[in-house]
Amino acid sequence: QVQLVESGGGLVPVGGSLRLSCAASGSIFSTDVMGWYRQGPGKQRELVADITTGGSTNYADSVKGRFTISRDNAKNTVYLQMNSLKPEDTAVYYCNVASPLRSNYWGQGTQVTVSS
């Protein structure tokens, strides 16, 4: 079983920055992909970015060049550095662990609000 605890959300002005963190308790396998999703008001949940154990990354087109995902395998923690934030980045951000050998795990979500 994996439990995820997110932190770092908040209110930020347009153009500002935030760093989200997600710490996983329980075993994280080398095949597990860690990532961030978001769900804006009235929208479906969408992938923001994910990262493999080896450091391969994948980003949504809307955040490329502004967001950076990183991972500390020793700490079972994934980060999302968000720069040049826009009002359309306002959403609840969810940490995710996609474990091919087990299941899909989700954090409780952290609110990010970008004020214009």
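As a reminder, the structure under discussion sits directly above these lines.
What comes next is a walk through the structure. (Residues numbered from 1 in each chain as written. Predicted model: local features only at pLDDT ≥ 70, side-chain atom pairs only at ≥ 80, totals over all residues. Heavy atoms only, no water.)

Once that is clear, we can look at the state of the cysteines. Using the criterion set out here, one finds one disulfide in the structure. With its sulfur 2.1 Å from that of its partner, Cys-22 forms a disulfide with Cys-95. The chirality of the disulfide connecting Cys-22 with Cys-95 is left-handed, given an S-S dihedral of about -85 degrees. Remark: Cys-95 occurs in strand 9 (residues 91-98) and Cys-22 occurs in strand 3 (residues 18-25); sequence separation between them is 73 residues. A residue is classified by how much of its surface remains accessible, and Cys-95, at 0% relative accessible area, is buried. (Disulfide = S-S within 2.5 Å. Helix = DSSP H or I, 4+ residues; strand = E, 2+ residues; numbered from the N terminus. Buried < 20%, exposed > 50% of the residue type's maximum accessible area, 1.4 Å probe, protein only.)

With that settled, consider the sheet that holds strand 3. Either a parallel or an antiparallel arrangement is found when strands of a sheet pair, and the pairing is made through backbone hydrogen bonds. Spatial ordering of the open sheet is given by 1-3-8-7, a layout of four strands whose pairing is antiparallel. Pairing within the sheet leaves two strands with one partner each, and these edge strands are strand 1 (3-7) and strand 7 (67-72). Across the sheet, the mean angle separating the axes of adjacent strands is 15 degrees when strand polarity is ignored. (Pairing = 2+ DSSP bridges. Axes fitted to C-alpha atoms, helices over the stretch in contact; angles between N-to-C directions.)

Each aromatic ring pair is specified by the distance between its two centres and by the angle formed by the two planes. Applying the stated criterion across every chain yields a total of two aromatic pairs. Their ring planes at 70 degrees and their centres at 5.0 Å tell us that Tyr-37 and Trp-106 sit as a pair that is edge-to-face. On the criterion of sequence distance, the pair formed by Tyr-37 in strand 4 (residues 33-39) and Trp-106 in strand 10 (residues 104-106) is long-range, its members being 69 residues apart. Given a relative accessible area of 34%, Trp-106 falls into the partly exposed group. With a centroid separation of 6.5 Å and an interplanar angle of 85 degrees, the aromatic rings of Tyr-94 and Trp-106 are classed as edge-to-face. Taken together, the residues span a long stretch of sequence, with Tyr-94 in strand 9 and Trp-106 in strand 10 at a distance of twelve residues. Members of the aromatic cluster, each reached through a chain of ring pairs, are Tyr-37, Tyr-94 and Trp-106. In this structure, Arg-45 packs its charged tip against the face of Tyr-94, placed 3.7 Å from the ring centre. Above the plane of the ring of Phe-29 lies Arg-102, whose end atom (NZ or CZ) is 3.9 Å from the centre. (Phe/Tyr/Trp six-rings, centres within 6.5 Å; stacked < 30°, edge-to-face > 60°. Lys NZ or Arg CZ within 6 Å of the ring centre and 35° of its normal.)

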